[in-house]
Amino acid sequence: MRIAAILVAAGSGQRLGAEVPKAFCRVRGRTLLEYAHARFAEHPLLDDVIVVAPADRLDEAKALTGAVVVAGGATRQASVAAGLAALDADVDAVLVHDVARAFVPAAVIDRVVAAVAGGADAVIPVRAVTDTIKRVDDARRVVDTVDRSTLVAVQTPQGFRRDVLVAAHAAAASDAATDDAGLVESYGGTVVVVDGADESFKITHPWDLVVAEAVAGR
Ligand code: C5P
């Protein structure tokens, strides 16, 4: 089975407040793109790695990773679609990963690859929700408290049979999905879960860079 990884790195990272797009922010001297790319490039069962980068940073992304680099779109979903369009014809399965989760451990990639290689249509790494979760209305009043024992927080890489993900993208009603497995769910596919990891946290807000400095220094 030939398995490829698509690393999406074409977001602006506005919430991070940095001067460069998030994937090009440096932590202890290396970009988030380099940290994420190394983890996939070194995986023995992954044959190809495609980086989806901002259109004005294709050369920079290529220089940092040596990977195949394609231009992203206006939304995450459009960026994933651009990566799917760049896959070689004989790729059977694909992992889609947010470069913002730059410190994903190899063990999580292993679990996702194993599930895909075992024939799963779609697989996502998840963590238990530790905060109490409440629904609130527009007036900032609490509507109810959700039973968190049935909830999980979803990470990446998400793994898919290539034909399932391509069909789910083609059938998508809009291009605003923040998660590829959601498209497969809407399409009627089965999504299974494996354990994620704390180190796979998504670097989104300035505080996350403080944590990233600590993780990178371990
Ligand atoms: O914005 P957010 O943190 O949810 O983005 C998740 C991932 O999707 C990031 O790695 C980001 O670079 C990527 N992305 C993209 N193209 C976009 C928006 C986000 O590749 N248009």
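Quantities reported herein were computed from a predicted structural model and do not represent experimental measurements.

Student: Sorry if this is basic, but what is going on with the site of the ligand here?
Tutor: Surveying the vicinity of the ligand reveals 15 residues, the closest of which are V8, A10, K22, S79 and K202. One nitrogen or oxygen atom from the side chain of R15 is found 3.2 Å from an oxygen atom belonging to the ligand. At 2.7 Å, a side-chain N or O of S79 approaches a nitrogen atom of the ligand. Burial of the ligand by the surrounding chains reaches 85%, relative to a free accessible area of 450 Å². Most atoms of the ligand, that is more than half of them, are within 2 Å of grid points of the largest pocket. Of the residues belonging to the shell around the ligand, the class tally is 6 nonpolar, 4 polar and 5 charged.

Student: So what exactly am I meant to see when it comes to the pattern of salt bridges here?
Tutor: When the charged atoms of two side chains with opposite charge come close together, those side chains can pair. Under the counting rule described, the total for this entry stands at 14 salt bridges. Between R2 and D90 there is a salt bridge, with the nearest N and O atoms lying 2.3 Å from each other. Remark: D90 occurs in the loop between α3 (76–85) and β6 (93–98) and R2 occurs in the segment before β1 (3–8); sequence separation between them is 88 residues. Of the charged contacts, one joins R218 and E199 as a salt bridge, the two residues approaching to 3.4 Å between their closest N and O atoms. One end of the pair, R218, is in the segment after α7 (206–216); the other, E199, is in the loop between β12 (191–195) and α7, and 19 residues separate them in sequence. With a relative accessible area of 76%, R218 lands in the exposed category. Residues joined in a network through salt bridges with shared partners are R2, D48, D88 and D90.

Student: Can you help me understand the packing of helix α1 (residues 32–41) against helix α2 (residues 58–65) in this one?
Tutor: How two helices sit against one another is set out by the angle between their axes and by the gap between those axes. It is the contact of α1 with α2, at a shortest axis distance of 9 Å, that shows an interaxial angle of 50°. Between α1 and α2, the crossing angle belongs to the class labelled oblique. As α1 packs across α2, the resulting crossing turns out to be right-handed. Residues L33, E34 and H37 of α1 touch α2, and the partners they reach there are A61, L64 and T65.

Student: Even after reading the chapter, I still don't get the pairing of strand β8 (residues 133–136), so can you show me in this structure?
Tutor: For a regular strand, the rule is simple: side chains alternate between the two faces of the sheet. Alignment of β8 against strand β9 (residues 142–146), held across 4 bridges, turns out to be antiparallel. Looking at β9, one finds that I133 is bridged to V146. Counted along the chain from β8 to the antiparallel partner β9, the turn is 5 residues long, and its residue R140 has a positive phi close to 60°.

Student: Where do I start with the nonpolar core in this structure?
Tutor: Grouped burial of nonpolar side chains is what soluble globular proteins tend to show. Membership of the largest hydrophobic core comes to 39 residues, with the highest contact counts inside it found for F40, L95 and F103. At the level of elements, β1, α1, β4 (48–53), β6 and α4 (106–117) are the ones that each hand at least two residues to this core. With 6 residues, the single largest contributor to this core is α4. Not counting residues up to four positions away in its chain, the partners in contact with L95 are I3, A4, A5, I6, F40, L46, I109, V112, V113, P157, Q158 and G159.

Conventions and cut-offs
- Residues numbered from 1 in each chain as written.
- Predicted model: local features only at pLDDT ≥ 70, side-chain atom pairs only at ≥ 80, totals over all residues.
- Heavy atoms only, no water.
- Near = heavy atom within 4 Å.
- Polar contact = N/O pair within 3.5 Å; in protein donor to acceptor, adjacent residues only side chain to side chain.
- Areas by Shrake-Rupley, 256 points an atom, 1.4 Å probe, with all protein chains shown as cover.
- 1 Å grid on protein atoms, 1.4 Å probe; cavity = no way out; pocket = protein on both sides within 12 Å on 5 of 7 lines; lining within 4 Å.
- Sits in = over half its atoms within 2 Å of the grid points.
- Nonpolar A, V, L, I, M, F, W, Y, C, P; charged D, E, K, R; others polar.
- Salt bridge = Lys/Arg side-chain N within 4 Å of Asp/Glu carboxyl O.
- Helix = DSSP H or I, 4+ residues; strand = E, 2+ residues; numbered from the N terminus.
- Buried < 20%, exposed > 50% of the residue type's maximum accessible area, 1.4 Å probe, protein only.
- Axes fitted to C-alpha atoms, helices over the stretch in contact; angles between N-to-C directions.
- Parallel < 35°, antiparallel > 145°, perpendicular 65-115°, else oblique.
- Left-handed = near helix turned anticlockwise from the far one by under 90°.
- Contact = heavy atoms within 4.5 Å.
- Pairing = 2+ DSSP bridges.
- Core = buried A, V, L, I, M, F, W, Y, C linked by side-chain atoms within 4.5 Å.

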